[in-house]
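Each chain is listed here by its residues.
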Amino acid sequence: MRQRDISIDIMKFIAVLAITNSHMELLYGKYSFLATGGAIGDVLFFFVSGFTILLGGVKTFDNYYKRRINRIYPTVFAWALMSCMLFGRERNIVEILLSGGGWFVSCIMIYYILLFLVRRYFIGCLKTVLVVFFTISLLMYIPFAKGDYFNMYGDTYYKWFHYFLFMLQGAMLGVYTRQKPVDVRSGWCESVKAIVCIVLFYGLCAFKSSEDYNFVQVLSLLPLSGVTYYVYRFCNAKGVKMLYTNTKAGWFMAAVGGLCLEVYLVQCSLFTDRFNFMFPLNIPVVFLGILGVAYVLRCTSRIWSQTFKEADYNWKEVFKIVWLK
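The structure presented is a predicted model; accordingly, all values stated were derived computationally and were not measured. (Residues numbered from 1 in each chain as written. Predicted model: local features only at pLDDT ≥ 70, side-chain atom pairs only at ≥ 80, totals over all residues. Heavy atoms only, no water.)

Participant: Explain the overall build of the protein to me, using residue names and the numbers behind them.
Facilitator: Broken down by element type, the protein carries 16 helices and zero strands. Taking as baseline every contact in the protein between residues at least 6 positions apart, the subset at least 24 positions apart corresponds to 75%. Just so you have it, the protein exposes about 17100 Å², and 65% of that area is on carbon and sulfur atoms. (Helix = DSSP H or I, 4+ residues; strand = E, 2+ residues; numbered from the N terminus. Contact = heavy atoms within 4.5 Å. Areas by Shrake-Rupley, 256 points an atom, 1.4 Å probe, with all protein chains shown as cover.)

As structure tokens, this is what we get:
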């Protein structure tokens, strides 16, 4: 078996925190500007997916895509039932299933197809593929970025184009590290570089233009790529890996990162201002509640998946929380 890359688990943990925080406007109250980090969390997720998929063996498309469906859609099915039965969601089960539970799931299922084609036919020229898709993203920016204050990371289909760049970035680094493992002695330097890229990213995103096309904002893809790269380097630092493998904090990080899909699906149904009187403690309280429901969803999806297999139920697998070396 290929040795597990725990830096990827750490990245998933960071991504979960960033994504969840970006949806917490209700919990922050008058400090709602702190509810940010969604774009960074998204690109980390896509990076991780690209990194891990290209390290797998080459399979036929049907079996490759079947594995992706088996990983994601039992959870989507389970969430469709839980959402409609327990949380009083207005969306019906069919609508949830068709949307995959959210834009991210629908988007990544498309990316899986593209990434299979890249792995099968263009594995030797990933840099060229990245340049081609970057050019496509720039060209597609023109018809999308109409009107003032266009947010390329907001509720728009344009992000379905440029987020694939980060999946390709993960694929490239995955192939590279298979040939030459990453060895980072200290994470401080990498964290500083990541912070600088974050500042540049938000600075470009905050640029407001009174013209029809905001051409400055699209440049934010460059520092965002830097954020992804240096966060990956930071997660490979020896001190960070020791924290993950040798402490209880590592157990928590593994649990959160392992529930990334489930947290993404359940979080919006659980945000409430009921505990805002105890701000800022309401933030971790609600987050722990999200983790609890996400874990129930994970167990439910495993039961659902095992029900349609001939083998007996593996209850240990159903209730397993984390994997740690």
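Participant: Account for the environment of S305, naming residues and giving values.
Facilitator: Of note, S305 is situated in helix 15 (residues 282-307). For S305 and R71, which are 234 residues apart along the polypeptide, the C-alpha to C-alpha distance reads 9.4 Å.

Participant: With reference to specific residues and values, describe the packing of helix 9 (residues 164-179) against helix 11 (residues 221-235).
Facilitator: With their axes 11 Å apart at the nearest point, helix 9 and helix 11 run at an angle of 35 degrees to one another. In terms of crossing hand, the pair formed by helix 9 and helix 11 is right-handed. Where helix 9 abuts helix 11, its residues L165, F166, Q169, L173 and T177 lie against L221, L224, S225, T228, Y229 and Y232. Of the residues in the contact of helix 9 with helix 11, the class split is seven nonpolar, four polar and no charged. (Axes fitted to C-alpha atoms, helices over the stretch in contact; angles between N-to-C directions. Left-handed = near helix turned anticlockwise from the far one by under 90°. Nonpolar A, V, L, I, M, F, W, Y, C, P; charged D, E, K, R; others polar.)

Participant: Now, about the side chain of S301: what can you tell me, with residues and values included?
Facilitator: Following the sequence through the fold, S301 ends up in helix 15. Judged by its relative accessible area of 4%, S301 falls in the buried class. At 2.7 Å, the side chain of S301 forms a polar contact with the backbone oxygen of R298. In contact with S301, other than residues within four places in its own chain, are P74, T75 and A78. (Buried < 20%, exposed > 50% of the residue type's maximum accessible area, 1.4 Å probe, protein only. Polar contact = N/O pair within 3.5 Å; in protein donor to acceptor, adjacent residues only side chain to side chain.)

Participant: Now, about the packing of aromatic side chains: what can you tell me, with residues and values included?
Facilitator: Overall, the coordinates contain 32 aromatic pairs when judged by the stated rule. Note on W103 and W160: the rings are 6.5 Å apart at their centroids and 40 degrees apart in plane angle, and the pair reads as tilted. In this pair, W103 sits in helix 6 (residues 103-121) while W160 sits in helix 8 (residues 159-162), placing the two residues 57 residues apart along the sequence. Overall, W103 belongs to the partly exposed group, its relative accessible area being 25%. Classification of W160 as partly exposed rests on a relative accessible area of 21%. (Phe/Tyr/Trp six-rings, centres within 6.5 Å; stacked < 30°, edge-to-face > 60°.)

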